[in-house]
Amino acid sequence: MAEARSAVNSIRISSLELDAVSNKAKLRGPQVHPYEGGMLIVIPSPKFLWHQQWTRLKHLYNRFQTAVWPAPVWAVSGAISAFIGHVLQQPSDHWLRAGWWATWVWSVDERVTTAMGLAEIIPMPVRVLYLAAYTAGVAFLGIASVQRIFMRCLLNYQGWMFESKPSILTMVWGLCLRGFFLGQRRPLLYSFQSAMPRQPVPTLKETLTRYLRSVKPLLSKADYTKAEEDGTKFIQGEGKRLQGLLVLKSWVAANYVSDWWEKYVYLRSRTSILINSNYYGLGYANHIPSSCQAARAAVLLHYYAECKTELDTERIQPMTIRGTVPICMRQYERVFCTTRIPGRDTDITVHGDSRHVAVLHKGTWWRLNMTSDDGVVLSPFTLQAHLESIMSETAAGKPPSSGEAGLPALTALDRTKWAEVREEQFSTGVNRLSLEEIESAMMVLCLDDRLPKTWTETGELSLHGFGATRWCDKSLNLLVYANGEAAVHAEHSWADAPVIAHLWEWVLCHEHMSYCYEPSGQIKADAFANLKSPPASPKKDRKTNGRYADIAQTGPVKLEWNLSPEADAAIEDAKASALKECKNLYLSVGCYETSTGGYGKGFVKKQKCGPDAWVQLALQLAYFRDQGFLSLTYEAAAVRLFNEGRTETIRSVSLESKAFVDAMANARSSKEERVAALRTAASQHQKTSRDAGCGRGCDRHLFALYVAGKGLGKDVEFLKDALSVPYKLSTSQIPQSQTDLLSKMAKTTVDLVSPSGGFGPVADDGYGVSYMIADDNRTFFHVSSKRSAGNTDSERFHKQIRQALDDMRDLFQSK
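Residues numbered from 1 in each chain as written. Predicted model: local features only at pLDDT ≥ 70, side-chain atom pairs only at ≥ 80, totals over all residues. Heavy atoms only, no water.

### Observations regarding the packing of helix H11 (residues 293–312) against helix H17 (residues 497–514)
Moving on, step 1. Two elements in contact, H11 and H17, have axes whose closest approach is 9 Å; the angle formed by their N-to-C orientations is 120 degrees. With respect to H17, the axis of H11 lies oblique. For the element pair H11 and H17, the recorded crossing hand is right-handed. Each of Arg 296, Val 299, Leu 300, Tyr 303, Tyr 304, Glu 306, Cys 307, Glu 310 and Leu 311 in H11 lies in contact with H17, whose residues at this interface are Leu 503, Trp 504, Trp 506, Val 507, Leu 508, His 510, Glu 511 and Ser 514.
Moving on, step 2. Along the lines of polarity and charge, the residues of the contact of H11 with H17 split into eleven nonpolar, two polar and four charged. (Axes fitted to C-alpha atoms, helices over the stretch in contact; angles between N-to-C directions. Helix = DSSP H or I, 4+ residues; strand = E, 2+ residues; numbered from the N terminus. Parallel < 35°, antiparallel > 145°, perpendicular 65-115°, else oblique. Left-handed = near helix turned anticlockwise from the far one by under 90°. Contact = heavy atoms within 4.5 Å. Nonpolar A, V, L, I, M, F, W, Y, C, P; charged D, E, K, R; others polar.)

Here it is, written out as structure tokens:
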């Protein structure tokens, strides 16, 4: 974070009259602020500090519960108590008190207590008691560690991913996992985390083979020969030392590549993150539960706060594949209260804990408590009243200045420029305090007064909002439009899209299951009657200069800004720059479905093909028809089978996919030849996808080798050439459902399918394609490109995708 520049001449202690600091800004804990040439020390109320410590104790309890899982805490505590009682009843010469282990433990305790001067003070029974408790605790943790090692060994097996029919070995392996681990009591969110295997480092030869195979369809014979020679020279020379460093790192770090990926791909990037990195997710495709903006926002906020509570207490169950294989849940630690802070050379990600949200409405910023002082989440009724208060006060009050209204545009600046502006204009005084309220918030709520009518309009507004309405640095922005439509906007460095999609689905499902809206869009009077009510809060006139404790519960508090002419000028420049980039984005969102002559995965499965491979081949065919050639294509694969795994690249273009495209382009190819080429290409794509999911891709390994080389002062030409080729077609698929909540719902006529979300193109002259294979009858596509590129057109490419899917279907239909 930016450092304060002003000198501190004295230290003052104040009870903090709110108007003297930041217009009733919420305090999060003991704080020190430079203020009017002095230092302002803020100490919260004892009640607040007690709640903070109680929360920490609960987290410690969760850690212990996770450590001893699958044994319940009561059983472990009972066993430890029984052991202590048994030891206390034994004579001093019993082996439990005089054996080699007891002698060693006693000698260690003797040294410690003697050094502390407590050896003669602590009674003998007390020493026996705590040493017995220590011994029993270590024994149980040792047993748990052995269990985790056994589970990790089981999870290192990935043969099940490559079998069309489970082998006997796989069935025995699955029974062991289910019987000894997953079949036990309900796990906590991180119960399996310590058992997640490390991500293996592929061998240099394997990576080179995969890399050369992926570029062979795209290179000329001469270029391929050069790449082959350079690669062979690399693995026989300096590659060995770099590989050794990666293998060493894989044993001492949580993951050999993920931390570098976050640091160098995301946080070191200096370009704007508004379109180039951040992404969006839409709500329901054909359903808006409530047309009342304040009511919809209040319910969604309430369930996001409940979701945070579920995460904090680890009550959300860890995700598994096929109900058997757990995946890494580490990314869920930073969903809320996380902000990307700009730096001159590199950004940092800051994560804390808070119970307030920052609300943006018509250019004004507000701080809104989500819980009472006792930690109870406020009801949707209360939240709706607060949001309506914000909306009415904004409408009745003085409009914000152009600079204040455009503050979010600063987060869309080049990262170095934003860091400079932040340090110069927001490092002291009221600007710093107000900025901290946004950056420390649980999340940002944008009450947008626009009325998107189509998926494309909603997607454009949700991705960029035309530059000045999205706080790009925040991990999560909840967007609620004037017509009740809702979406999310997320920063990418801290986690990948499936995490945001999972919790967005969780919130939407709980909203639907609450059946909380009247036909008018208002919240039903009895919808949340079973909620625990927070204690009554003190009443006080908000216009008076009362202490924070008196005002905190009376509603939202407005954040104030003191913008200098230089700050206003920087904001205007940021708005102009962001608007230019937003207008340059060309987004097209649509659905290929049965009702309009298309089909979904139901038809694809009948042809015994994988739906993802089918769509990827359609994208290859569409791109070839659109551009006249094939380009390097990216598809994201999750590698969360491993500890702190993030993604690997599926290089979708292959020799087999090129053969399929060539067959489709060749008028002389028969239908049988085309079908055979399609099946071969689809089979190869599935193999490549499974390899990537098992950490056996080539991109992350090449990247990590390059970073290791740079750390040694080497700029390896082979690695630089391999990693510098742009992905002109960047694709990603988000699963339709990641929870079991939909299956638990009562049957309904409401269409609860989501069209997923999208992102901007990776290359200026390329396409970004996000797709959601929704069900047996629908597939959604989000196609993005840049209008300034003379060779791309999102609408045209969308039509090419539809045509490619039609042509592939025709191969399997008789005349």
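### Quick word on a nonpolar patch on the surface
Moving on, step 1. Together, Trp 100, Trp 101, Trp 104, Val 108, Val 112 and Met 116 make up an exposed nonpolar region whose accessible area comes to about 680 Å².
Moving on, step 2. Relative to the elements of secondary structure, Trp 104 occurs in helix H4 (residues 100–115). (Patch = residues over 30% accessible without salt bridge, like charges linked within 9 Å, V, L, I, M, F, W, Y side chains within 5 Å. Areas by Shrake-Rupley, 256 points an atom, 1.4 Å probe, with all protein chains shown as cover. Salt bridge = Lys/Arg side-chain N within 4 Å of Asp/Glu carboxyl O.)

### Examining the pattern of salt bridges
Side chains bearing opposite charge may pair, as long as their charged atoms lie close to each other.
Moving on, step 1. Under the criterion given, the structure shown has 40 salt bridges.
Moving on, step 2. The closest approach of N and O atoms between Arg 340 and Asp 347, which form a salt bridge, is 2.7 Å. Here Arg 340 and Asp 347 have matching classes, each one buried.
Moving on, step 3. Among the ionic pairs, Lys 575 bridges to Glu 572, the shortest N-O distance being 3.5 Å. Residue Lys 575 and its partner Glu 572 are located together in helix H19 (residues 565–584), separated by three residues, close to a single helical turn.
Moving on, step 4. Residue classification places Lys 575 among the partly exposed positions, given a relative accessible area of 24%.
Moving on, step 5. Salt bridges linked by common partners bring Arg 270, Arg 340, Asp 347, Arg 415, Asp 473 and Glu 491 together as one network. (Buried < 20%, exposed > 50% of the residue type's maximum accessible area, 1.4 Å probe, protein only.)

### Concerning unusual backbone geometry
Moving on, step 1. Its identity is not glycine, yet Cys 337 carries a phi of approximately 60 degrees, on the positive side.
Moving on, step 2. In this fold, Cys 337 is placed in the loop between strand S6 (325–326) and strand S7 (338–341).
Moving on, step 3. Although it is not a glycine, Tyr 515 sits at a positive phi angle of roughly 45 degrees.
Moving on, step 4. For Tyr 515, the location among the structural elements is in the loop between H17 and helix H18 (548–551).
Moving on, step 5. Look at Tyr 515 and you get partly exposed, because its relative accessible area is 43%.

### With respect to the side chain of His 492
Moving on, step 1. Along the chain, the position of His 492 falls in the loop between strand S13 (486–490) and H17.
Moving on, step 2. Other than its neighbours up to four places away in sequence, His 492 contacts Tyr 266, Ser 277, Asn 278, Tyr 279 and Arg 646.

### Some words on the sheet that holds strand S21 (residues 778–786)
Moving on, step 1. Taken in spatial order, the six strands make up an open sheet running S15-S21-S20-S18-S16-S17, and their pairing is mixed. Two strands lie at the open edges of the sheet, namely strand S15 (585–593) and strand S17 (647–651), each paired on one side alone. Neighbour-to-neighbour, the strand axes of the sheet open up by a mean angle of 25 degrees, direction not taken into account.
Moving on, step 2. Relative to S17, strand S16 (residues 633–638) runs antiparallel, the two being bridged by five bridges. Residue pairing across strands places Tyr 634 opposite Arg 651, the latter belonging to S17. (Pairing = 2+ DSSP bridges.)

### Examining helix H8 (residues 221–236)
Moving on, step 1. In a regular helix each residue adds 1.5 Å, so 16 residues correspond to 22 Å; H8 covers 23 Å between its end C-alpha atoms and thus fits that length.
Moving on, step 2. Buried within H8 are the following residues: Tyr 224, Ala 227, Gly 231, Phe 234 and Ile 235. For H8, the angular spread of buried residues about the axis comes to 90 degrees, placing them on one side. Exposed and facing more than 90 degrees away from the buried side of H8 are Lys 221, Ala 222, Glu 229, Lys 233 and Gln 236.
Moving on, step 3. Contacts from the buried residues of H8 go to helix H7 (204–215), helix H9 (239–252), helix H24 (699–711) and helix H25 (717–724). (Expected span 1.5 Å × (residues − 1). Arc of directions from axis to C-beta.)

### Observations concerning H11
Moving on, step 1. For H11, spanning 20 residues, the distance from its first C-alpha to its last is 28 Å, which sits close to the expected 28 Å at 1.5 Å a residue.
Moving on, step 2. The buried fraction of H11 amounts to 18 of the 20 residues, a majority that puts the element mostly inside the structure.

### A look at the pairing of S15
Moving on, step 1. Counting buried residues in S15 gives nine out of nine residues, a clear majority hidden from the surface.
Moving on, step 2. Here S15 shows a buried face lined by Leu 585, Leu 587, Val 589, Cys 591 and Glu 593 and a second buried face lined by Tyr 586, Ser 588, Gly 590 and Tyr 592.
Moving on, step 3. The sheet contact formed by S15 and S21 spans nine bridges and is antiparallel. The residue bridging Leu 587 from the neighbouring strand is Ser 784, located in S21.

### Brief notes about the side chain of Arg 646
Moving on, step 1. Along the polypeptide, Arg 646 turns up in the loop between S16 and S17.
Moving on, step 2. A distance of 3.0 Å separates a polar atom in the side chain of Arg 646 from a polar atom in the side chain of Asp 496. (Polar contact = N/O pair within 3.5 Å; in protein donor to acceptor, adjacent residues only side chain to side chain.)

### Things to note about the packing of helix H22 (residues 655–665) against helix H23 (residues 671–693)
Moving on, step 1. Where H22 meets H23, the axes come as close as 8 Å, and the angle between the chain directions of the two elements is 155 degrees. Relative to H23, the element H22 is oriented roughly antiparallel. Along this stretch, H22 crosses H23, giving a crossing that reads as left-handed. Across from Glu 656, Ser 657, Ala 659, Phe 660, Ala 663 and Met 664 in H22, the residues of H23 making contact are Arg 674, Ala 677, Leu 678, Thr 680, Ala 681 and Gln 684.

### A look at the confidence of the model for the protein chain
Detailed reading of the predicted model is not advised wherever pLDDT is low.
Moving on, step 1. Confidence in the prediction for the protein chain averages 88 pLDDT; 90% of positions are at 70 or higher.
Moving on, step 2. Per-residue pLDDT stays below 50 along residues 1–27; that stretch engages in 80 contacts with residues further than four places along the chain or on separate chains.
Moving on, step 3. The low-confidence segment residues 534–552 (pLDDT under 50) makes 39 contacts with residues lying over four places distant or belonging to another chain. (pLDDT = per-residue confidence, 0-100.)

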